[in-house]
Every structure is written in structure tokens, then in C-alpha cells.
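# Observations on chain architecture
Residue-level listing of the chains:
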Amino acid sequence: RRRRNLPKRRRKSTMPASSLTKQERVIQTLAPFVIGRYPCPSGVIAQLIQEVGWDLRTPKDIDTGRESYNLGNIKGTGPAGSVTIWTTEYYNGVKTRVKAKFRAYHDYGEAIDDHFALLRKERYVKAGVWEAKTPREYAEALKRYRSVLGSSHPATLDAEKHLRANADIDLISL
């Protein structure tokens, strides 16, 4: 298994792992892959946590149980193939349960590399995600990007939730 684009250095916590809260452990797991690569690492980490939760519940194949490490819930085929899961889609405003393939990765670092590649697409750049310096600015940029989907689309509502949840806090003191 090949691992590429790993962070040059990992920050070590001064606290023993056993004394960390679940939230601190998750941040500690994701931070080395984000810090130094993005102007607002706490915004990216907050977005990833919003996607999969504090338990890092990433898509797992419904038939094999194979882990995807897909922190962004990105559909398609990744470097480790794909996993098939049940998901919710909206067709003409109607909530529908369907099977879909989601990208699979070898580890969280590879998933975050792919997430950054997604954020480099023109539509995200135009929305201002790379200019964001605070969690509020990052959430507002996501909201601008997602507003083209329509105000009642679930992704737009998620951006609103992200904005409210991260308006006044920074997940990581850098």
C-alpha cells in the first residue's frame, strides 16, 4: 500500500493519548494532514468532522464491511477503489434511498489529499475557500459555493449548520 503526500512533520501532543477527549483525539488524528497546507486548517477539520462525525463514521461497504476512509463522503472511485453504501438522494425534491459507490482510500491522509484536490476546483476557488483565514470565513465560502444548489438543498443546509457551529470558535489553536 502506497502512502504519498504525508505531512512533513507530525505534531505530538503533550498529553498522554489516554487523557485526551474523543474530540481531541479526532483533531489530533486529522490535524497533521491539514496544518501547513491550508490557510484555515480548523475550518477544513470542522467540515470533515461535520461530514463523518466525531466517531469518524466513514462509508463502509454494505456487502463486505470494507472501510473507505472517505472523510468527505465523496462519490466515485478512489485510489483504493470504491465501497457501495445506501445513501439518500433528492430527485425533484423527493428524498429517495439509493445504492451508490463512494471513493475508497488506503488511509485518512490519502482521503484528505483528495479532499484538497476537490477544494482546488474552480468552483470552490471562486467561492473563496482558499482565501478563508477563519472558520467563519471558510463556512461562508462553503455557503457561497453551495448556494447555487438552492436554499432548501441538504448540502446548503449543512453549510448553514457549519457556519452556525463554527462562527465564534476555532477548533485548533495554531
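Throughout, a residue's number is its position along its own chain's written sequence, starting from 1. A pLDDT threshold of at least 70 governs which residues receive local features in this predicted model, and a stricter bar of 80 or more applies before side-chain atom pairs are shown or counted, although totals over entire chains, interfaces and linings include all residues. Computation of side-chain values: all heavy atoms of the structure, hydrogens and water removed.

### Digging into helix H1 (residues 22-34)
Structural remark: α-helix, 3.6 residues per turn; residues separated by three or four positions point the same way. Here a helix means four or more residues in a row that DSSP labels H or I, a strand means two or more in a row labelled E, and each is numbered from the N terminus. Helix span is expected to be 1.5 Å times the residue number reduced by one. End to end, H1 covers 19 Å across 13 residues, agreeing with the expected 18 Å (1.5 Å per residue, within 8%). The largest bend in H1 comes to about 25°, at Gln 28, with the proline Pro 32 one to four residues further on. Each residue's exposure class comes from its accessible area (1.4 Å probe, protein chains only) as a fraction of the maximum for that residue type: buried when under 20%, exposed when over 50%, partly exposed otherwise. Taken together, the buried positions of H1 are occupied by Val 26, Ile 27, Leu 30, Ala 31, Pro 32, Phe 33 and Val 34. What makes two residues a contact is simply this: any of their non-hydrogen atoms within 4.5 Å. Buried positions along H1 lie against helix H2 (41-52) and helix H3 (108-119). Within two residues after H1, Gly 36 carries a phi angle of roughly 85°, on the positive side. Two axes enter the bend calculation: one fitted to the seven residues ending at the residue in question, the other to the seven starting there, and the bend is the angle between them.

### A look at the side chain of Ser 68
For Ser 68, the position within the fold is in the loop between H2 and strand E1 (82-91). Any pair of N or O atoms that falls within 3.5 Å is considered a polar contact. Within protein, one atom must be able to donate a hydrogen and the other to accept it, and sequence-neighbouring residues count only if both atoms are side-chain atoms. A distance of 2.7 Å separates a polar side-chain atom of Ser 68 from the backbone oxygen of Pro 59.

### Thoughts on the pairing of E1
Sheet topology note: the E1/strand E2 (residues 94-103) ladder contains 10 bridges and is antiparallel. Bridge pairing links Thr 88 to Arg 97 in E2. In this analysis, strands are considered paired if DSSP registers two or more bridges between them.

### Remarks on the packing of aromatic side chains
The criterion for an aromatic pair is that two Phe, Tyr or Trp rings (for Trp, the six-membered ring) have centres within 6.5 Å, with stacked assigned to planes under 30 degrees apart, edge-to-face to planes over 60 apart and tilted to the rest. As enumerated under the stated definition, the model contains 6 aromatic pairs in all. For the pair Tyr 69 and Tyr 108, a centre-to-centre distance of 5.2 Å together with 80° between the ring planes defines the contact as edge-to-face. Pair noted here: Tyr 69 is in the loop between H2 and E1 and Tyr 108 is in helix H3, with a separation of 39 residues, a long-range link. In this structure Tyr 69 comes out as partly exposed when scored by relative accessible area, which is 27%. Where Phe 116 meets Trp 130, the ring centres are 6.1 Å apart and the plane angle is 40°; that geometry is what we call tilted. Linking Phe 116 in helix H3 with Trp 130 in the loop between helix H4 (122-127) and helix H5 (135-146), this pair joins segments that are 14 residues apart in sequence. Taken individually, Phe 116 and Trp 130 each receive the classification buried, so the pair is uniform in this respect. Each member of the aromatic cluster is reached from another via a ring pair, and the members are Tyr 38, Phe 116, Trp 130 and Tyr 138.

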